[in-house]
Amino acid sequence: MFQDNPLLAQLKQQIQENLPKKEGTIKATDKGFGFLEVDSKTSFFIPPPYMKKCLHGDKVMAIIRTEKEREVAEPEELLEPSLTRFIGRVKLFKGKLNVVPDHPQLKKQSLKARARKGLNPEELKEGDWVVAHLIRHPLKGDNGFFVEISKKITDANDKIAPWWVTLAQNDLPNSEPDGIDNWELKDDADLVREDLTAIPFVTIDGESTKDMDDALWAEKNADGSFNLMIAIADPTAYITPDDSMDKVARDRGFTIYLPGRNIPMLPRELADDLCSLIENQERPALCCSVTVSADGVIGDDIRFFAANMKSHARLAYDNVSDWLENGASDAWTPSEEIAQVVRDLYDFSRARATWREENAVVFPDRPDYRFELSEDNDVVAIHADMRRSANRLVEESMITANICAGKALREKFSTGVFNTHAGFKPEKMAEVVELVTEHGAPDVTAESLATVEGFATLRRWLTEQETSYLDNRIRKYQSYSEIGNQPLPHFAMGLDVYATWTSPIRKYGDMINHRMLKALVLDKEPVQTPDETVGEELALHRKHHKIAERNVGDWLYARTLAEEPAKETRYTGEIFDINRAGMRVRVLENGAMAFVPGALILDNKQRIECNGDNGTVSIDKEVVYRLGDTLEIVLTEVNQENRSIVAKPTQVFADAPKAEETTPEEKTA
């Protein structure tokens, strides 16, 4: 009879209004209780009855009360739900539709569901992958959680699920855009294309590449300098800014590259045929020519122009690398004309690489990990492909071309689509100076690090150190790379300006730069310039694509390595992150990411410390692991459902003797 008493209800409300409140994020556990994470150091216990009103990841306002001499949090108001649109799997409970979210911390949440109008619920079977939307939440006054299924992604046991589910999760397309029946050249009436069909351009790509968007030619002069010419595929010859296909390209931003497959930004008949620089096929192109000195300095004679060109040889990375490194290739024997072009391109690339090593920033070589898939989408092998001579040759050519574009766009228009990097975060600059000075870096000041030259000098010093520990620690103080319409420096590359235009088949920003470079050729106003939002849009696309690529990779790694814990296979892991719970390592043999919990290093919280700030793991205050270290590991758990891998070191750290244990000598004494 007390529950309907208005006086008691009013008293309860007054008491709650006077209790303290905290804003935080819900962290669920497998045991039914949870925590309100207010910040990195403050959390409050949430009893199981209160957890029934919220989900892991919800941002809430909670009442803090004392129960049984313990402060607990009672979620009261939903500030931001962890689930809105999400991916889940169908669960049939007594014939009724439910959805279990595809999230490690929400796997035990079976949410009541219905199918959206137009979607037949009879077609939804146990375990099917679906897109769902949370439409009711207890903290919004609703009676329990409820979701609506808007789309079926694929069947429960579909082997292609990693790709389809990941694409749906990131709201990305799963196929190339539709083309049109008749593609027509739409060049500006004043644009005159030079005839370069006699120039022996070569393309160098992977064996299976179809969308070949760059062709190269170089000639070494008597004084050791190089005449370099880069021809780039020209989709803007077919697509104007007003075309519907341009909007499609902008909405996609980039070609999506996932393990084992890609989803083109442009229709395949354009990307793989009409614009692809196919051997012996005449193609429209946008070109750049420049002289590079014998010591790798880019000349001032940068020239952009439109042309019709023809690739004289379709070459493959490995064949060219074999020929350059070993003097011969079993799979390829070039004509003398093509051999000379490749030799000159190689000499040019070495000159530029040396210049960048001495004056800019060169990233350390790391393998690219590639999944080899069978026809039915099983992983046959995982290859660790190192960058070889031909890869570096193409890389140096593309970097040179993009430097040239950055300079030209900055000088002519003061705008374009630029890749930029601001160096160290301003609020972290003092810590950087203190850290590197402590480790012996010469003449480092906040003022010097705020310049491209000073930043590049420090990065070169870091690469000279015996270990990569300091380099790994410094990286977390750096800004992120950005895409914008201002010609700002790219500190991470050690360059004062950088604008990509060499992949217009695959990058929408490169299409914009093509149009601007054509305007430069014609000495006209561009038909398109980048607006203020295009950089943010492209950065967001790139972020989602990287997440998708990583997620598919995690799925395939979990599927491939599922039996390895039982085999106790030994791997080499490189530490790339340390936090208070343990460390994350990259398996060098195959590229998989694994987590090594502190408890599997030493199961004694009093003796072990995992320090994320210092990037170290210590036992009894003695450092045993640091960022960048390599160690031998074995996998202890591969969870295919969560797509996670847990490992432990093979090195054993013995725990201290227990207090009640005594040595024979102690007993004698």
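Residues numbered from 1 in each chain as written. Predicted model: local features only at pLDDT ≥ 70, side-chain atom pairs only at ≥ 80, totals over all residues. Heavy atoms only, no water.

The chain appears in an unreviewed UniProt entry as Exoribonuclease 2 from Vibrio eleionomae. On record in UniProt, under Catalytic activity (unreviewed entry), the comment for the chain is "Exonucleolytic cleavage in the 3'- to 5'-direction to yield nucleoside 5'-phosphates." Under Subcellular location (unreviewed entry), UniProt gives the following word-for-word description of the chain: "Cytoplasm". (UniProt positions renumbered as here; feature names shortened; annotations may be inferred.)

Asks: If you had to explain the sheet that holds strand 27 (residues 622-626) to someone new, which residues and values would you point to?
Replies: Within the open sheet, the three strands sit side by side as 25-26-27. Their pairing is antiparallel. Both outer strands of the open sheet, strand 25 (608-611) and strand 27, are each paired with one neighbouring strand and no more. Neighbouring strand axes in the sheet, compared pairwise and without regard to direction, differ in orientation by 25° on average. As paired strands, strand 25 and strand 26 (residues 616-619) are joined by four bridges and run antiparallel to one another. Residue Asn611 lies in a different strand from strand 26, and its bridge partner there is Thr616. (Pairing = 2+ DSSP bridges. Helix = DSSP H or I, 4+ residues; strand = E, 2+ residues; numbered from the N terminus. Axes fitted to C-alpha atoms, helices over the stretch in contact; angles between N-to-C directions.)

Asks: Could you give an account of the environment of Gly591, naming the residues involved and the relevant values?
Replies: As for its placement among the helices and strands, Gly591 is situated in the loop between strand 23 (582-587) and strand 24 (593-597). Not counting the four nearest positions on each side in its chain, Gly591 is found in contact with Tyr369, Tyr557 and Arg586. (Contact = heavy atoms within 4.5 Å.)

Asks: I'd like to hear about helix 3 (residues 161-169), residue by residue, with values.
Replies: By the criterion of burial, helix 3 is predominantly enclosed, with seven of the nine residues buried. Of all the residues in helix 3, the buried ones are Ala161, Pro162, Trp163, Val165, Thr166, Leu167 and Ala168. Positioned one or two residues after helix 3, Asp171 has a phi angle of 55°, which is positive. (Buried < 20%, exposed > 50% of the residue type's maximum accessible area, 1.4 Å probe, protein only.)

Asks: Go over the packing of aromatic side chains with me, naming the residues and quoting the values.
Replies: Scanning the entire structure with this criterion turns up eleven aromatic pairs. With centroids separated by 5.9 Å and ring planes inclined at 90°, the aromatic side chains of Phe33 and Phe35 adopt a geometry described as edge-to-face. Residue Phe35 is classed as partly exposed on the basis of its relative accessible area, which comes to 25%. Among the aromatic residues, those joined into a cluster by ring pairs are Phe33, Phe35 and Phe45. (Phe/Tyr/Trp six-rings, centres within 6.5 Å; stacked < 30°, edge-to-face > 60°.)

Asks: Hey, could you go over the pattern of salt bridges for me, with residue numbers and the actual values?
Replies: Summed over the entire model, instances satisfying the criterion amount to 52 salt bridges. Its salt-bridge partner being Arg250, residue Glu537 comes within 2.8 Å of it at the nearest N-O pair. Here Glu537, found in helix 14 (residues 534-560), pairs with Arg250, found in helix 4 (residues 244-252); they are 287 residues apart in sequence, far enough to count as distant. A single salt-bridge network, built from bridges that share partners, covers Arg356, Asp365, Arg387, Arg392, Glu395 and Glu396. (Salt bridge = Lys/Arg side-chain N within 4 Å of Asp/Glu carboxyl O.)

Asks: Explain the nonpolar core to me, and be specific about the residues and the numbers.
Replies: Leu315 and Trp501 are the most contacted members of the largest nonpolar core, which totals 84 residues. The greatest single-element share of this core, amounting to eleven residues, is contributed by helix 8 (residues 389-412). Ignoring anything within four residues of it in the chain, the contact list for Leu315 reads Val202, Thr203, Ile204, Asp205, Val320, Trp332, Ile338 and Val342. Counting residues in hydrophobic clusters, the runner-up holds 39 residues, among them Leu172, Leu258, Phe371 and Tyr469. (Core = buried A, V, L, I, M, F, W, Y, C linked by side-chain atoms within 4.5 Å.)

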